[in-house]
Structures are given as C-alpha cells and as structure tokens.
Amino acid sequence: MSDKFDVVVIGGGPGGYVTAIRCAQLGLNTACIEKRINKQDEPALGGTCLNVGCIPSKALLDSSWKYHETESSLADHGIKIKGSDLDLGTMLQRKDTIVKNLTGGIAQLFKANKVTWLQGTGQLKAGKQVEFQPLDGGETQTIQAEHVVLAAGSVPVDIPVAPVDQNLIVDSTGALEFDKVPKRLGVIGAGVIGLELGSVWNRLGSEVVVLEAVDAFLPMVDKQIAKDAQKQLEKQGLDIRLGARVTGSETTKTKVKVTYSDKDGEHTESFDKLIVAVGRRPYTEGLLSQDAGVSLDERNFIYVDSQCRTDVPGVYAIGDLVRGPALAHKAIEEGVMVAEVIMDEHTQVNYDVIPGVIYTHPEVAWVGKTEEEVKESGDAYKTGVVPFAANGRAMAAGETGGMVKFVADEKTDRILGMHIVGPQASELIHQGVVAMEFGATAEDLQMMVFGHPSLSETVHEAALAVDYKAIHVAQRRRKK
Ligand code: FAD
Ligand code: NAD
C-alpha cells in the first residue's frame, strides 16, 4: 500500500464516497478510509445512509405501505384479496438485499475509478498526516496526504432516561430489525425518524404512541403543512402526544415501562418495544488527534467555512459532521464541492435551496422559506395554496389528502419557498428546487404548460393561486 495520496477521505458514507469518486474523476490519487462492518460481518461502504438509514428505511416504508394498501384501500378499487398475510422475514430480507446490492455497487465504483478503499479506522494528525488502523488487525500506518476530507458522519443522540439496549429499547438501527411486529410500540421523538419508522410499524399492525417533548408538531415545517400532516398521520393511527417529556423507563424481560410528564401531569405507558429517535450528533470520537488543529463549534460540529474548509489549510469536513441539515443529499453536494475546490474550481453549494422530505404517507416536502420565516423577516409576501382534492389524477389514484403551497415575494414575485404535504411530494418538490435555483417567479411557473392529468398540475395551480388565478379552486382575494 502506498503511504502517500493526493487526497485521503475519512468516512465512506454518501459524503465521503462521493468526494472520493469525484476527486478520482478529477485525476487525484485518492484513498477512502471506512471502518464499517455490516450485518453480514463484512467491511462495507455507503455509511449510515446506505446501510442503516435512508435506503433500508425507505425499503421498509415501501413494503409496509403495500401491505397497508392491500389490507385497507385496495377494496376501494374493487380489488378484493382474501387471506393476505404478512411475511416479515421476507420483507426484512428484501431490505437487506437492496442494501447489499447498493453498498456492493459503491465498492465497484471505487474499483472503476481507481479509488483505494482502506478498510479500517482513520485519525487526522498534525501536518495532514492520517493514522490508519486496518480492520484486519494489521500494523498501524501513517499516510501523508496533500488534502484530507473528514466525512465521519453522525450517530444517534442518547438520553439517560431511556438507554438503548438494542433489545427492548432501540435506536433507528434496531428499529429496522424487529423480528416480529410489536403489539404496542413507543417512539420518543416526533422528528423525521420517529415519524418514518413509527409509520412502518403502525402499517404492519403496531399500536404506535409517539412522545414528543416540544409542544409544536414538526416546527421546521410550514405551519399550515405541518397541521395537515399531523391530522392525516393521526387519522392513520399514529398517537402523537406533544409536550410529552420522558422522565424515565424501566425494562422487564418483555416490556418497557415509560414515564413521561405533560401539562396534565405524570403518565406511565407500557410498550413491547421503544424506539429512541431524539436526533443525531456529529461522530468525532477518535477522528482527531489532540494536535490535529481542527476546531469544533459550540455544538461540537467541526467548524468549516461556506466551502467546507476547516481551520487547517488542506483539511476539509463535510456532511453530518458539519453545520446545516443532516441529509444525505447535502453531504453529497458538499463532497462534490470540496473535490472541485481542491482543484481550484469555482463552485458553491446553494444552502438556501436544499429540499427536505419526510417519507410518511402522505409525504411532506419543502424547499426554501416557510410562510412564518418570511413573515418574521418583515418582507411583503403572497401565498398560493391548492389542495390535491382539486386534482383529477389525485382523485383517480385515491390520494386527495394534502396540498401544495408557494410563498412568493410580493414585490419581485420571486418564489421564496415551496411546501407540500401529499402524494409524491418527494418527487414534486424538485419542481420548486429547479424553479428556485433558476430564480423563477410565480409568473414563470404560471406561464408553463403542465401535462394533464398529473399531480404536477397542483404545482401549477398553486403558482396560479399566488395571484388569484387558480381555475379549479374558488379563491377569495385577501384584504390588503
Ligand atoms: P455517514 O453516512 O454517517 O457516513 C460516515 C461513515 O464514516 C460511516 O460509515 C462510519 O463508519 C465512517 N467513519 C466514522 N469515523 C470513522 C473513522 N475514524 N475512520 C473510518 N471510518 C469512519 N437522509 C436523507 O437525505 N434522506 C433520507 O431519507 C434519510 N433517511 C435516514 C433514515 C435513518 C434511519 C437515518 C439514521 C438517517 C437518515 N438520513 C437520511 C440521514 C443520512 O443518513 C445522513 O445525513 C447521511 O448518511 C450523512 O452522510 P455522511 O457521509 O456525512 O455520514
Ligand atoms: P430530529 O431532530 O428530526 O427529531 C428529533 C425529535 O425528538 C425532535 O422533534 C425533538 O424535539 C424530539 N426530542 C428530543 N429530545 C426529546 C426527549 N427527551 N423526549 C421527547 N422528544 C425529544 O431527529 P431524528 O428523527 O432522530 O433524525 C435525525 C436526523 O436524521 C434528522 O435531523 C434528519 O436530518 C436525518 N433524517 C432524515 C430523513 C429524511 O430526510 N427523510 C429521515 C431520517 C433521518
């Protein structure tokens, strides 16, 4: 093994592996250090996202939705299925196969791009040296790099009132592996993970109670959209309790007793499993030697500038390790940016136009500013809101819940934010991403032709609604 590289990336998640591939494409001699051992006891690339995050959770969300539809709504279409049965083992196996294929695909991409995968743990030392401890127990080696990219990701936050044992009390990784459907499932945290994984098990038959410390539901989402999402999720059976602060937990052989307090006092609930999903924190343990010279910010993220440079020249940090939303697509784009910055190319991630998606049913998606944020800024604005109930394609699909909302600048007509709760929100939101990236106005979208019948027509109508021009909803002009 060479002990000199142009670039050494520590961490092979979506941030790290993309950085490594882009660096190699640009002609840099690149190594990526990744220490992960997967479920099959094999070294694996892909990080949290591919192994225990985005991909396996979406596989289970899709499978559980198919099961739920078979059980509950196919009969509305005149399809009657007798004796449908849940084979959880096959569902979990299918998820594992998808993960294995995808992570194996990254290893192939490394080979094709001549990226050296160093299987083991990396630690940044002074002078852009990286200490590499191989997984196979081989001798520790010191590697010299021209540039180092830190991409070690994040891990779940622990709370002492509910310590994870991966048996009865689990984190998101344990919640992807239940060997039977828990009869009663508790979830601490009504954030993205709590709602997505709570939905999976709810659809498969669990009675799900979500305990959320904060009084507001999804405070980062536009209020009108969050309110509608909460209503629809509760209708599906999620018992969401806001302002509920967990104060303790106790496990017996088969049950978890959870105590929590809210405005009405102290309560106790008993569950068969408990998921703790109260956020994630940057994973810096063992990553930096004392003399590495890299600073952390007040929340323990690695401190970086807008192009992901740390305080040490030639050392960069990206993804969940640094400020900004903890999302795979944000990590990926930072990785591409860093590779290009290393080559002195002019490039910048547009942090104002990063979409967020919650893959519940209906999905929730947003980009740009919420109405509340724009209102607070004091700038004059206008909104256009159109429900999917006014859309023929949504009716045909039996998916009429939710709406599309635009927030636009009153003076310039520029789109400031797009917010969706409804069918295929995760796909529709990219119309807002493209529009905002090109600095589009509401009028730009109003003048475009959208295919009929399509869910996208609700995007078009919502843009029209910004100026009281929507055809399929009766609009009352707001008083100025
Ligand atoms: P990671 O993916 O965490 O990868 C970091 C890698 O670095 C890890 O594999 C780790 O083993 C390795 N590493 C750490 N330290 C060292 C070291 N010292 N030496 C060697 N290797 C090291 N995001 C979305 O955008 N969409 C989703 O749908 C979504 N769903 C999610 C579902 C769940 C259940 C979870 C938990 C997360 C989800 N996320 C989702 C978030 C997403 O997974 C992260 O934002 C993303 O993985 C961050 O990428 P990263 O490259 O920064 O870090
Ligand atoms: P989160 O920040 O989305 O939600 C955590 C929730 O737990 C918050 O609502 C918080 O108020 C609540 N909470 C915190 N402490 C609590 C306590 N003691 N008792 C009760 N509630 C408490 O975090 P998460 O759901 O763990 O997800 C972590 C990150 O992973 C997300 O921020 C997101 O960036 C990423 N993720 C993204 C997706 C996606 O893009 N679809 C999916 C899953 C995860």
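Residues numbered from 1 in each chain as written. Chains lettered and ligands numbered in written order. Predicted model: local features only at pLDDT ≥ 70, side-chain atom pairs only at ≥ 80, totals over all residues. Heavy atoms only, no water.

Asks: Just give me the short version of the domain arrangement of the chain, but keep the residues and values in it.
Replies: The extent of an interface is frequently quoted as the accessible surface area lost upon association of the parts. Taken as a whole, the chain is organised into domain 1 (4-156 + 281-349), domain 2 (169-277) and domain 3 (354-465). For the pair domain 1 and domain 3, the summed buried area comes to about 610 Å², and 75% of that belongs to carbon and sulfur atoms. Broken down residue by residue, the surface that domain 1 buries against domain 3 is led by K58, W65 and H329, which jointly contribute 50%. Our count for the contact surface shared by domain 1 and domain 3 stands at 0 salt bridges. (Domains from an automatic or database assignment. Buried area = accessible area lost by both parts, 1.4 Å probe. Salt bridge = Lys/Arg side-chain N within 4 Å of Asp/Glu carboxyl O.)

Asks: Can you explain the sheet that holds strand β13 (residues 265-271)? Please cite residues and give values.
Replies: One open sheet holds the 3 strands; their spatial order is β11-β12-β13, and the pairing between them is antiparallel. Here the strands that pair on one side only, and so sit at the sheet edges, are β11 (245-251) and β13. Between one strand and the next, the sheet's axes are offset by a mean angle of 20°, whatever the strand orientation. With 6 bridges connecting them, β11 and strand β12 (residues 256-262) associate as antiparallel partners. Paired with T251 across the two strands is V256, which belongs to β12. (Pairing = 2+ DSSP bridges. Helix = DSSP H or I, 4+ residues; strand = E, 2+ residues; numbered from the N terminus. Axes fitted to C-alpha atoms, helices over the stretch in contact; angles between N-to-C directions.)

Asks: An account of the pattern of salt bridges is requested, with residue identities and associated values reported.
Replies: Going through the model one piece at a time under the given rule, you end up with 22 salt bridges. The salt bridge involving K100 is made with E42; its shortest N-O contact spans 3.5 Å. Pair noted here: K100 is in helix α4 (residues 88-113) and E42 is in the loop between β2 (30-34) and α2 (47-52), with a separation of 58 residues, a long-range link. Across the salt bridge formed by E285 and R281, the nearest N and O atoms sit 3.1 Å from each other. One connected set of salt bridges, linked through shared partners, spans R184, E207, D239, R241 and E269.

Asks: Report on the site of ligand 2, specifying residues and quantitative values.
Replies: In the vicinity of ligand 2 lie 19 residues, with E196, E212, G279, A326 and V357 positioned nearest. One of the side-chain nitrogen or oxygen atoms of E212 is found 2.6 Å away from an oxygen atom of ligand 2. One of the backbone nitrogen or oxygen atoms of G279 is found 2.9 Å away from an oxygen atom of ligand 2. Protein contact buries 76% of the 840 Å² of open area that ligand 2 shows by itself. Along the lines of polarity and charge, the residues of the shell around ligand 2 split into 13 nonpolar, 3 polar and 3 charged. (Near = heavy atom within 4 Å. Polar contact = N/O pair within 3.5 Å; in protein donor to acceptor, adjacent residues only side chain to side chain. Areas by Shrake-Rupley, 256 points an atom, 1.4 Å probe, with all protein chains shown as cover. Nonpolar A, V, L, I, M, F, W, Y, C, P; charged D, E, K, R; others polar.)

Asks: Explain the site of ligand 1 residue by residue, including any values.
Replies: The local shell around ligand 1 holds 39 residues, among which E34, T48, K58, D320 and A328 are the closest. Note that an oxygen atom of ligand 1 is positioned 2.8 Å from one of the backbone N or O atoms of A328. H329 is positioned such that a nitrogen or oxygen atom in its side chain is 3.3 Å from an oxygen atom of ligand 1. The protein chains hide 94% of the 1,000 Å² of surface that ligand 1 would expose on its own.

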